[in-house]
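# A look at the structure
Here are the chains, one letter per residue:
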Amino acid sequence: MKCSGIELTDFRNIKEERAEFSDGINVLWGKNAQGKSNALEAVYYFARGRSFRGAKDRDLIRFGSDFTRIKSVCRKDGASYGTTLEAVIPSDEKQKKKIFRNGAPVSGIGEVIGDFRAVLFCPAHLSLVSGPPNGRRTFLDIAISQLSKEYMSYLADYKRLLLQRNAALKTEAKGDSVPRELWETFAEQMSRSASRIAAYRYEYMSMLSERMSRLFREMSGDAERPSLSFTSHSIRKTGDGANVYTDEGDEERGEIEADSFDGFGNTRIDPDCLYEKLLSDIEREMKNGATLWGPHKDDIRIRLNGKEAKYFASQGQMRSLALTMKLSEGELSHAIGGERPVILLDDVLSELDGDRRAFVLGSLGDRQIIVTSCEPSLFENVGKDVNLMHVEAGRIRRM
Ligand SMILES: Nc1ncnc2c1ncn2[C@@H]1O[C@H](COP(=O)(O)OP(=O)(O)O)[C@@H](O)[C@H]1O
Ligand SMILES: [Mg+2]
């Protein structure tokens, strides 16, 4: 997958600009607050259908403008023609955003997700290792959703049911009683979606873990070995933590170490485990006004040589873990989706030491890389052609 170029109108601090990218290494360099990350945000937009910075669509419109337009030409590996994707986002809340593929309107952004694949790494991703579980769940959800529409629909079902169940808990807490059958229906439907979500998450992590170990070893030359495990209420707690099917259940999350295998669809997780939990302590859930068990509490445990990384790893090791996790996401996207995603690196290369930087720039094969940096000197001895672009006050100029 390649992004041959972008054309932006009133996007963030960029008034009207085009940038063309080479198939190899592209560097957007400039001082702080000039628009480097903004440009990368635009490149990434069609990979996920939204900003990578958590911004709302309307935040992307240049202050004072009525709309923004993002145009991006992406090209599948081996294809001679590109696909032009275009989004027009109006500032007027009453108007809908419009999406076009090759100039023809499509029904919505969901229709073009998958046309362009990218993996983005920025400093905030350090919290993949050191931060709270929701960042790791979001990582899984974005990565798996890009590969499986089925996963996306299980997740949407589950989220809808979770909102409904939480509302019912609050209703019951107020004294308006909810019929007993309703709790059973929730438990049945939610545990069914949850068991599929858990299976996908576990399988994805198993595929990720093997690649991550390899990349980590290659990058750091380190003897230390990372490992991942999946913890979830959908999994029964077991003695050795290795079997999904054992039965000594309790209320806590079970944990299974990510194995190594390729492909989705072989793991069966028994919905009964979560079903029972969802009927076990509704009183306490009413007091909390929220559902206490389910995929919204799942987590990934990241260990280095068997020790939990968030408590024991150094800053440098955490950075390498987070980076290899994201790069492995890219490898998996290639293995499963058949396309090498574009690698987008926002402000992370200056944080890496020389060896790791050389590994990132030199070892990613024929992938396209687009990076932002304040230090153009970092790219002087890369040994490959580098397309250097200068970003200043929202203008992008090829050097
Ligand atoms: N919607 C917007 N309209 C106009 N300017 C914006 C908008 N959003 C952010 N900016 C400006 O963009 C600049 C930051 O750009 P950014 O790409 O994050 O900088 P950097 O080059 O350091 O990566 C800031 O000056 C900010 O005020
Ligand atoms: Mg920036």
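Sequence positions are assigned chain by chain, starting from 1 and proceeding in written order. Chains and ligands are labelled sequentially in the order written, the chains with letters from A and the ligands with numbers from 1. The model is predicted, so local features are restricted to residues of pLDDT at least 70 and side-chain atom pairs to those at 80 or more, both for listing and for counting; the totals for chains, interfaces and linings are taken over all residues.

Below, the discussion takes up the domain arrangement of the chain. For the chain, the assigned domains read domain 1 (2–117 + 339–398) and domain 2 (126–312). By the convention adopted here, residues are in contact when the distance between their C-beta atoms, placed from the backbone, does not exceed 7 Å. Taken together, the six residues of domain 1 in the interface contact four residues of domain 2. A breakdown of the residues in the side of domain 1 that touches domain 2 according to their chemical character gives one nonpolar, two polar and three charged. The start and end points of each domain follow an automatic or database-based domain assignment. Here the nonpolar group is Ala, Val, Leu, Ile, Met, Phe, Trp, Tyr, Cys and Pro; Asp, Glu, Lys and Arg are the charged ones; every other residue, Gly included, is treated as polar.

With that settled, consider the nonpolar core. Within the largest apolar cluster, 102 residues are counted, with the highest numbers of intra-cluster contacts made by Ala-39, Val-43, Tyr-44, Ala-118, Leu-321 and Leu-344. Among the elements that take part in this core, helix α5 (residues 180–220) stands out by supplying 16 residues, more than any other. Composition of this core by domain shows at least three residues from each of domain 1 (2–117 + 339–398) and domain 2 (126–312). Contact partners of Ala-118, with chain neighbours within four places excluded, come to Val-43, Tyr-44, Ala-47, Pro-341, Val-342 and Leu-344. Residues of type Ala, Val, Leu, Ile, Met, Phe, Trp, Tyr and Cys that are buried and joined through C-beta atoms within 7 Å form what is called a nonpolar core. Buried means a residue has 20 or more other C-beta atoms within 10 Å of its own C-beta, exposed means 12 or fewer, and partly exposed covers the counts in between; C-beta atoms are placed from the backbone. Labels follow the DSSP assignment, with helices taken as runs of H or I lasting at least four residues and strands as runs of E lasting at least two, numbered in each case from the N terminus.

Turning to the sheet that holds strand β5 (residues 83–90), a few remarks are in order. The sheet built from six strands is open, its strands ordered β2-β1-β4-β5-β6-β7 with antiparallel pairing. If you trace the sheet from one side to the other, it starts and ends with β2 (14–20) and β7 (104–106), each paired once. Sheet twist, expressed as the average angle between the axes of neighbouring strands with direction ignored, equals 20°. When DSSP finds at least two bridges between two strands, those strands are taken to pair. Note that strand β6 (residues 98–101) and β7 share three bridges and pair antiparallel. Its bridge partner lying in β7, Ile-99 is registered against Val-106. The axes are straight lines fitted to the C-alpha atoms, using for helices just the contacting stretch, and the angles between their N-to-C directions are given from 0 to 180°. Docked against the sheet, helix α1 (residues 36–48) engages β1 (2–11), β2, β4 (67–75) and β5, running at close to 115° with respect to β1.

The residue Ala-42 is located in helix α1 in this model. Taking the C-alpha atoms as reference points, Ala-42 and Ile-6, separated by 36 residues in sequence, lie 7.7 Å from one another. Setting aside chain neighbours within four positions, we find Ala-42 in contact with Ile-6, Leu-8, Phe-11 and Ile-70.

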